[in-house]
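Letter by letter, the chains look like this.
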Amino acid sequence: QVQLVESGGGLVQSGGSLRLSCAASGRTLSSYIVGWIRQAPGKERESVATISWSSGSTGYADSVKGRFSISKDNVETTVYLQMNSLKPEDTAVYYCAARTIFARNYTYWGRGTQVTVSS
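Notes on the structure in this doc start here. (Residues numbered from 1 in each chain as written. Predicted model: local features only at pLDDT ≥ 70, side-chain atom pairs only at ≥ 80, totals over all residues. Heavy atoms only, no water.)

Moving on: the state of the cysteines. The full count for this structure, using the stated rule, is one disulfide. Each disulfide pairs two cysteine sulfurs, and for Cys22 the partner residue is Cys96, the sulfurs being separated by 2.0 Å. One disulfide, between Cys22 and Cys96, carries an S-S torsion of -75° and so falls in the left-handed class. Residue Cys22 is located in strand β3 (residues 18-25), and its partner Cys96 is located in strand β9 (residues 92-100); the two are separated by 74 residues in the primary sequence. On the accessibility criterion, Cys96 (0% relative accessible area) is buried. (Disulfide = S-S within 2.5 Å. Helix = DSSP H or I, 4+ residues; strand = E, 2+ residues; numbered from the N terminus. Buried < 20%, exposed > 50% of the residue type's maximum accessible area, 1.4 Å probe, protein only.)

Printed below as a string of structure tokens:
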């Protein structure tokens, strides 16, 4: 089992920045991929960023490239999502999720943290 707890959400003005944190516990993440997925009201879930725990390789949705950055802290077993140049359309609940490198779908999910960007 992997437990994921998000933090760092809040209200920010357009153009501002936030850093989300995802604290992981329960087992080693060496064979896992951790991602940030967001869901806005009335919209489908969108995977915004992923990171491979073992290699550190990252991936981003086109909608956030150049503005968001995902990183990890091996010691603290925490994944971060630095969000810059925020736009009102970034408003959503942001979830942290994890899956093994062999899985197609995410297995473990956090409860989410709300990000609201005002115009």
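Scanning the model with the defined rule gives four salt bridges in all. Put simply, Asp62 and Lys65 hold a salt bridge, and the shortest N to O gap is 3.3 Å. For Arg67, the salt bridge is made with Asp90, and the minimal N-O distance between the two is 2.7 Å. Taken together, the positions of Arg67 in the loop between β6 (58-60) and β7 (68-73) and Asp90 in the loop between β8 (78-83) and β9 put the pair 23 residues apart, joining distant regions of the chain. Classification of Arg67 as buried rests on a relative accessible area of 11%. (Salt bridge = Lys/Arg side-chain N within 4 Å of Asp/Glu carboxyl O.)

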